[in-house]
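Residue-level listing of the chains:
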Amino acid sequence: MTTISLALDTPELAQAYEHGSDRQFNHGKLLIEALGVRRGQRVLDVGAGTGRLAAHVAEIVGPEGSVVAIDPLPLRVDIARQKTRSNLATAVGRAEDLSAFATGSFDVAYLNSVLHWLNEGQKQRAISEAARVLKPGGKLGFSTGSREKPHQLEPIQRKVLAEIGKEAQGTLPYKLTVDEVRTLLDRAGFIVDSLEIRTFVDHAADVDEILRHSGSSSFGNHLSHLSPEEKREVRDRLARELEARRTPQGIRLERHLIFAIAHTAGN
Ligand SMILES: C[S@@+](CC[C@H](N)C(=O)[O-])C[C@H]1O[C@@H](n2cnc3c(N)ncnc32)[C@H](O)[C@@H]1O
């Protein structure tokens, strides 16, 4: 059974995420756009990582608004804290426990590429906590891995791991379907505004870039069940499989994310 550890992060992985997370940053900007975040709003970024998107949102809400960015990984919160802005606060914290925040205290809350790291119970608590801290009519948005349309890397990686007698672990283990997202939101009392799967195409320079990204965005969980020798073997086998997909722009891989926007009752 897959379990996700929050104890595998390192300063190197946190820095690699800060400098190599353009994918998350770019689809995060689309999420913020869909949420219609505007000047003067009070916003909660849950699972903010190194705070790149939170700093962008702080610019949008301006000095009359504010952003609070929380993440359970202290090394990533340290990097977020260096993005000093008078209207941006950072703290170590988890999605499923927002007890540090008063009921009805935010206009908007969002989780960008976070929910797929939470198990079923944690997910429901996270969404219910978001409902509690939002004002009446407040908006929730999230992007999360789609279970009905997995990342193109997944079957390739599963095949390679099977070849060396290993299971795939730590690759977005708790992805959801659109129907499951709807149930999650309904149970927490949200009214769904939009719910869709969006497809993104990435081009990587080589297999090492792909593995670096997987390692840093999974905070060390990706392939953490393998020995160093097994990791080298998987890297070489993956390189052979992925090179066969090379295009003039690089190694082309599609990924699919569920984008959900919902609001609490009251407005
Ligand atoms: C792929 S990163 C996304 C970071 C950021 N939201 C972004 O857009 O770049 C996933 C983040 O989820 C966070 N995370 C994992 N478990 C969490 C939990 N229980 N509550 C809140 N965040 C969590 C991790 O610490 C990590 O920073």
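Residues numbered from 1 in each chain as written. Predicted model: local features only at pLDDT ≥ 70, side-chain atom pairs only at ≥ 80, totals over all residues. Heavy atoms only, no water.

K.L.:
Where do I start with helix 2 (residues 22-35) in this structure?
P.N.:
In an α-helix, one turn spans 3.6 residues, which is why side chains three or four residues apart end up on the same side. For helix 2, with 14 residues, the first-to-last C-alpha span of 20 Å sits near the 20 Å given by 1.5 Å per residue. For helix 2, every residue scored as buried is listed here: Q24, F25, H27, G28, L31, I32 and L35. Backbone geometry just downstream of helix 2 places G36 in the positive-phi region, at approximately 65°. (Helix = DSSP H or I, 4+ residues; strand = E, 2+ residues; numbered from the N terminus. Expected span 1.5 Å × (residues − 1). Buried < 20%, exposed > 50% of the residue type's maximum accessible area, 1.4 Å probe, protein only.)

K.L.:
What should I look at first to understand the site of the ligand in this one?
P.N.:
The local shell around the ligand holds 19 residues, among which Y17, G47, D71, A95 and N112 are the closest. A95 is positioned with one of its backbone polar atoms (N or O) 2.9 Å from a nitrogen atom of the ligand. Taken by itself the ligand offers 590 Å² of open surface, and the protein chains cover 96% of this. Taken together, the residues that form the shell around the ligand break down as 10 nonpolar, six polar and three charged. (Near = heavy atom within 4 Å. Polar contact = N/O pair within 3.5 Å; in protein donor to acceptor, adjacent residues only side chain to side chain. Areas by Shrake-Rupley, 256 points an atom, 1.4 Å probe, with all protein chains shown as cover. Nonpolar A, V, L, I, M, F, W, Y, C, P; charged D, E, K, R; others polar.)

K.L.:
What is the right way to look at the pairing of strand 4 (residues 106-112) in this model?
P.N.:
In summary, the side chains of a regular strand alternate between the two faces of the sheet. A large share of strand 4 lies buried, amounting to seven of its seven residues. Note that strand 1 (residues 42-46) and strand 4 share three bridges and pair parallel. The partner of L44 across the bridge, within strand 4, is A109. Alignment of strand 4 against strand 5 (residues 134-145), held across six bridges, turns out to be parallel. Residue V108 lies in a different strand from strand 5, and its bridge partner there is K139. Taken together, strand 4, helix 5 (residues 120-133) and strand 5 constitute a β-α-β crossover, and its handedness is right-handed. (Pairing = 2+ DSSP bridges. Right-handed = clockwise from strand over helix to strand, strands pointing away.)

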